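Residue-level listing of the chains:
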Amino acid sequence: MITLGLAAFGGSPPAYQSAPASAVRLLPAGPPKPQVIALQGTLRLQLPINAHSVTAIGYQAYGTDALPLQPFGQQRNEGVFSRVYHGLFGGGGSGIGWFQLDGGSGVSTGAVDIGAAAGTDVYSPVDGAVVSIQRYVLNDKQFGSELQIQPQGAPTVVLVVTHLKVDPALTIGSPVQTGSSRIGSVVDFSSVERQALATHTQDAGNHVTLAVMPAASSGLR
């Protein structure tokens, strides 16, 4: 099965990084420390990349089948009214900041992009098992794969991971553990799409994308 990826085009203001990426962030950083970045019902998605390597985090629409994610942390590009309200009365979230990205269809938090340099190691954001590995194709050329993970204890949904060069050790049925199982590395998409996350970074905006889908819509039962 061939998956056709669609780019999200962003136009939001200030940059997440005020200076170019340091050489330290481009080096292998090891597995991430436990940090929940989003919820989908009772399913907890943890940061799949070491925080020292993350350039920015952004949420975007990902089609009508994608289930809404509840971000942890505060939106960095929220509207003026929301900023004033949260400044006066609190709220707005705490922890790692995130941006709302433009483009796409469906709910605005249907997917989360975690930015990092191409080649950065990606670890499983959930406990579960690999149920699908498909080619990810843009302009008739493969750019990594789409990996689907069946989360442990959540049989009605699947976690879809794209913009990923899958670890060759993974096969259908491979078990994965949160934060310790390497599932691949970030693919360089800079030559084929204008990446929305680049609006908030000092690089091309490369990232790995996570989305949660009903198992039925992904072809799994």
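Look above for the structure.
Residues numbered from 1 in each chain as written. Predicted model: local features only at pLDDT ≥ 70, side-chain atom pairs only at ≥ 80, totals over all residues. Heavy atoms only, no water.

Asks: With reference to specific residues and values, describe the pattern of salt bridges.
Replies: Throughout the structure, instances matching the rule amount to two salt bridges. Two residues, R182 and D121, come together in a salt bridge whose shortest N-O distance is 2.9 Å. With a gap of 61 residues between them, R182 in strand β13 (residues 182-186) and D121 in strand β8 (residues 121-123) connect regions that are remote in the sequence. Given the relative accessible area of 24%, D121 is considered partly exposed. Residues D167 and R182 are paired through a salt bridge, measuring 2.8 Å at the closest nitrogen-oxygen approach. Within this pair, whereas D167 is found in the loop between β11 (157-166) and β12 (175-176), its partner R182 is found in strand β13, the two being separated by 15 residues in sequence. Taken together, the shared-partner salt bridges in this structure form one network comprising D121, D167 and R182. (Salt bridge = Lys/Arg side-chain N within 4 Å of Asp/Glu carboxyl O. Helix = DSSP H or I, 4+ residues; strand = E, 2+ residues; numbered from the N terminus. Buried < 20%, exposed > 50% of the residue type's maximum accessible area, 1.4 Å probe, protein only.)

Asks: An account of the sheet that holds strand β5 (residues 70-71) is needed here, citing residue identities and associated values.
Replies: The antiparallel open sheet is built from three strands, whose spatial order is β3-β2-β5. Where the open sheet ends on each side, the last strands, each with one partner, are β3 (43-46) and β5. As paired elements, strand β2 (residues 36-40) and β3 share four bridges and run antiparallel to each other. Along β3, the bridge assignment pairs A38 with L45. (Pairing = 2+ DSSP bridges.)

Asks: So what's going on with the pairing of strand β9 (residues 128-138)? Which residues, and what values?
Replies: Note that β9 and β12 share two bridges and pair antiparallel. Following the sheet pairing, A129 is matched in β12 by P175. Alignment of β9 against strand β10 (residues 141-151), held across nine bridges, turns out to be antiparallel. Residue pairing for β10: Q134 is matched across the bridge by E146. Hairpin remark: β9 followed by β10, antiparallel, with two residues in the connecting loop; positive phi at N139, about 50 degrees.

Asks: Just give me the short version of the packing of aromatic side chains, but keep the residues and values in it.
Replies: Ring pairs (aromatic) are described by centroid distance and by the angle formed between their planes. Applying the stated criterion across every chain yields a total of three aromatic pairs. Centroid distance Y59 to W98: 5.1 Å. Interplanar angle 75 degrees. Geometry classified as edge-to-face. Taken together, the residues Y59 in strand β4 (residues 57-60) and W98 in the loop between α1 (80-89) and β6 (99-100) connect sequence positions 39 residues apart. Just as Y59 is buried, W98 falls in that class too. Judged by centre distance (5.8 Å) and plane angle (75 degrees), the ring pair of Y136 and F189 falls under edge-to-face. Linking Y136 in strand β9 with F189 in the loop between β13 and β14 (207-214), this pair joins segments that are 53 residues apart in sequence. (Phe/Tyr/Trp six-rings, centres within 6.5 Å; stacked < 30°, edge-to-face > 60°.)

Asks: A description of the nonpolar core should follow, citing residues and the corresponding values.
Replies: Within the largest apolar cluster, 33 residues are counted, with the highest numbers of intra-cluster contacts made by I57, I114 and L147. In terms of residues, this core owes the most to one element, β11, which gives five residues. Those residues in contact with I114 that lie beyond four places of it in its chain are I37, L47, P48, I49, V54, A56, I57, L197, H207, V208 and L210. (Core = buried A, V, L, I, M, F, W, Y, C linked by side-chain atoms within 4.5 Å. Contact = heavy atoms within 4.5 Å.)

Asks: How would you explain unusual backbone geometry if you had to name every residue and give the values?
Replies: Within the chain, N139 stands out as a residue other than glycine whose phi angle is a positive 50 degrees. Mapped onto the secondary structure, N139 falls in the loop between β9 and β10. Its relative accessible area of 63% is what places N139 among the exposed residues. With phi around 60 degrees, H163 is a residue other than glycine that occupies positive phi space.

Asks: So what's going on with the side chain of S124? Which residues, and what values?
Replies: Mapped onto the secondary structure, S124 falls in the loop between β8 and β9. Given the relative accessible area of 0%, S124 is considered buried. Setting aside residues no more than four positions away along its own chain, S124 makes contact with I149, V176, Q177, T178, G179, S181 and I183.

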